[in-house]
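# Chain and residue survey
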Amino acid sequence: MKHSYSAEHARFLRKRRRKLALVWALRIGLLALFLGVWELVTALGWADPFLMSSPSRIAKTLASLYADGSLFYHIGVTLLETLIGFAISTVVGCAVALLLWWSETLKRVLEPYIVVLNALPKIALGPLIIIWFGTGAEAIVFMTVLVGVIVATMHMLTAFLSTDKNKLLLLRSMGASKLQILQKLVVPSSLASFISMLKVNVGMAWIGSIMGEYIVSRAGIGYLIVYGGQVFKLDLVMTATFLLCLLAAGMYFAVVLLEKILVKNEEN
Amino acid sequence: MKNVLCFTDVTLTYHTTRGETTAAEGLSFEVGEGEFLAVIGPSGCGKTTLLSLAAGLLAPSSGEVTRAGRCGYMLQKDELFPWRTIEKNIFLPLEIRREKEKNARSGAVELAKKYGLGDFLQSYPAELSGGMRQRAALIRTLAADPDILLLDEPFSALDYQTRLNVCEDVSKILRGEHKTALLITHDISEAISLADRVLVLTARPAKVAYSHTLDFGDVVSPLKRREMPQFSGWFELLWRELNA
Ligand SMILES: Nc1ncnc2c1ncn2[C@@H]1O[C@H](COP(=O)(O)OP(=O)(O)O)[C@@H](O)[C@H]1O
Ligand SMILES: [Mg+2]
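Residues numbered from 1 in each chain as written. Chains lettered and ligands numbered in written order. Predicted model: local features only at pLDDT ≥ 70, side-chain atom pairs only at ≥ 80, totals over all residues. Heavy atoms only, no water.

### Details of the packing of helix H4 (residues 70-102) of chain A against helix H5 (residues 104-119) of chain A
All names here are of chain A. Note the cut-off: Helix axes are fitted to C-alpha atoms over the stretch in contact, other axes to C-alpha atoms as well, and angles between N-to-C directions run from 0 to 180 degrees. A run of DSSP states H or I qualifies as a helix once it reaches four residues; a run of E qualifies as a strand once it reaches two. Both are numbered from the N-terminal end. Angular relationships are summarised with four words: roughly parallel below 35 degrees, roughly antiparallel beyond 145, roughly perpendicular across 65 to 115, and oblique for the angles in between. By definition, residues are in contact when any of their heavy atoms lie within 4.5 Å. Note on residue categories: nonpolar means Ala, Val, Leu, Ile, Met, Phe, Trp, Tyr, Cys or Pro, charged means Asp, Glu, Lys or Arg, and polar means any other residue, Gly included.
At a minimum axis separation of 6 Å, H4 and H5 run at an interaxial angle of 130°. Classified by the interaxial angle, the pair formed by H4 and H5 is oblique. Note on element contacts: H5 touches H4 through Glu104, Leu106, Lys107, Leu110 and Ile114, opposite Leu99, Leu100 and Trp102. In the contact of H4 with H5, the residues fall into six nonpolar, no polar and two charged.

### A few points about the packing of aromatic side chains
Where we set the bar: Classification of ring pairs uses Phe, Tyr and Trp, with its six-membered ring standing for Trp, and accepts pairs whose centres are within 6.5 Å; under 30 degrees between planes counts as stacked, over 60 as edge-to-face, and the remaining range as tilted. The buried label applies to any residue whose accessible area, calculated with a 1.4 Å probe on protein chains only, is under 20% of its type's maximum; exposed applies above 50%, and partly exposed to all values in between. The rule is short: NZ of Lys or CZ of Arg within 6 Å of the ring centre and within 35 degrees of the ring normal puts a charge over the ring.
Evaluated as defined, the whole model comprises nine aromatic pairs over all chains. With a centroid separation of 6.0 Å and 80° between ring planes, the pair formed by Tyr66 of chain A and Phe72 of chain A is classed as edge-to-face. For Phe72 of chain A, a relative accessible area of 56% corresponds to the exposed category. Seen in terms of ring centroids, Phe133 of chain A and Phe142 of chain A are 4.5 Å apart; in terms of plane orientation they differ by 25°. Their pairing is stacked. On the basis of relative accessible area, Phe133 of chain A is assigned to the partly exposed category, the value being 33%. We note Arg27 of chain A situated over the ring of Trp24 of chain A; from NZ or CZ to the ring centre the distance is 4.7 Å. One Lys or Arg, Arg105 of chain B, reaches over the ring of Phe91 of chain B and ends 4.6 Å from the middle of that ring.

### A closer look at the interface of chain A and chain B
Cut-off, in case you're wondering: By buried area we mean the combined loss of accessible area, with a 1.4 Å probe, across both parts when two parts are placed together. Basic side-chain nitrogens of Lys or Arg form a salt bridge, by our definition, when they fall within 4 Å of a carboxyl oxygen of Asp or Glu. In protein, a polar contact requires one atom able to donate a hydrogen and another able to accept it; more generally it is a pair of N or O atoms within 3.5 Å, and residues adjacent in sequence count only if both atoms are side-chain atoms.
Counting from both sides, the interface comprises 19 residues of chain A and, opposite them, 18 residues of chain B. Interface area, chain A with chain B, both sides summed: about 1900 Å², of which 66% is carbon and sulfur. Three residues stand out in chain A for area buried against chain B, namely Leu170, Met174 and Lys184 of chain A, and they jointly supply 31% of the buried area on that side. Remark: the boundary between chain A and chain B carries two salt bridges. Scanning the region where chain A abuts chain B turns up four residue pairs in polar contact (both at pLDDT 80 or more). Only helix H8 (165-173), helix H9 (178-189) and helix H12 (234-267) of chain A provide two or more residues apiece to the side of chain A that touches chain B. Per-element accounting of the side of chain A that touches chain B gives the leading share, seven residues, to H8 of chain A.

### Examining empty space enclosed by the protein
Any empty space left between the atoms is revealed when a probe the size of a water molecule rolls over them. Residues and elements named next belong to chain A. Which entries qualify depends on this criterion: For cavity detection a 1 Å grid was placed over the protein atoms alone, and a set of points counts as a cavity when a 1.4 Å probe fits there but cannot get out; an open set counts as a pocket when protein lies on both sides within 12 Å along at least five of seven lines, with lining residues being those that have an atom within 4 Å of a point. Grid points are joined across faces, edges and corners, and a volume is the space filled by probe spheres set on the points.
All told, the structure shown has one cavity of 30 Å³ or more when counted by the stated rule. Taken as a whole, the largest cavity spans an internal volume of roughly 30 Å³. For the largest cavity, the full set of lining residues is Ile129, Ala139, Ile140, Met143, Gly212, Ile215 and Val216. Residue assignment for the lining of the largest cavity shows that the elements contributing at least two residues are helix H7 (137-161) and helix H10 (191-216).

### Describing the sheet that holds strand S6 (residues 148-152) of chain B
Residues and elements named next belong to chain B. Put simply, the test is: What makes two strands pair is DSSP finding at least two bridges between them.
Pairing in this open sheet of six strands is mixed, and the strands run S5-S6-S7-S3-S8-S9 from one edge to the other. Both edges of this open sheet fall to strand S5 (71-74) and strand S9 (208-213), since each of them pairs with a single strand only. The average undirected angle you get between the axes of adjacent strands in this sheet is 15°.

Right, dumping it as structure tokens:
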């Protein structure tokens, strides 16, 4: 196809590509500038590296965590808790939303409870969670589910309820059953909302798992942050925070990738 | 002539928390087999309500609606499902009726090919022009082999040029397949150019004010009808009755 472009179109494409390259260069440059200034300020003693840490100290901490084998252990623990919590809250959220879509009465009955549960700061349930689930990974997964599930439910219910009225009418005129309407119309037309829900829920899952680890931690990234704070090892706190950024971004892009795969068929 | 659809003294009242609206009152008419009936009425008078009653989506508050056989409903917009190919869209009513037999499906595909959608069966709706999409919507409605077609202002979302073309298409297809049709519209010239008979409804609550059998003989092409001398006469008459 390439040969069929006009010279003007080729110029347009080149311009776009150049713009994209510029954006990426600036993004990376900004990060490099931030790290560079941070390193410089601490190296020159303008800021106390004991309080501020520094990129090189983070690198060193990473290396030592890697050397004693605990780096991937902590990452693994948190990642597993987050993924399990994310999966459960997504599945349960969708299932509850379907149920509420199905029964208008049930929806109206449960609405106020959902609103209250949504408004409740989940951290307030910390002590209860420890008593019910102990101080292991179960408690953290539960916290993750708690943080994510209401948002997932409300997000999907809104999507289901905003199904096009005319398309509903069309299916009903064909004599479709409620189950058929759900299968043929409500679920497929909620795909875009499902993906945006996943994006929101990834963030929720990290909030939940790190919050859980703050409360009951024995291992994981959240534990490293709490522990580092308690023993005043700011290098450890910064390192763990840095790892968290990487992991959260990674998971977000996994969802974006999933979106590319799922939505490909439809857009054309 | 056998009646496919019959309204006898039908009244419909909508109840909402804000009050009640009577959308149809003492509505009586019938549609004979093979007839193309157009219903015109002022906006908001209860035309869509009439179609919902005809399709059995609403039960009358009083009176009776009798229907011989199945209805096919066609709306203002094509309402094609964007995540389905044209072929899958056309199969939708068959899927709903759980019609597994190859016959019904190949019949639907034949129909699509006959009316110029053959090359687009594997395309998605977004790839088709507005006129093509409306044609696909009509084929989807016909795929279920309905005994009567209910058309709710099916051209009003199209631009003028496309509208004339789709109107021509629909006429050709419905006459070609010998279908019974009930067309709702607020466009007088559309009604005259398509129908065998025209009903004029009153303002809300809708009831039948006038009924006219048109005299275009064998001429069924909407464009040809528009050029015939009696067209403007009908237009004036209906316009006066509609604005009475
Ligand atoms: N579901 C409904 N609930 C309450 N009132 C309705 C409903 N649908 C239509 N109406 C009212 O009934 C009247 C007729 O509506 P409709 O049949 O859509 O008119 P038309 O199709 O002729 O424009 C309008 O006044 C409208 O507000
Ligand atoms: Mg209407």
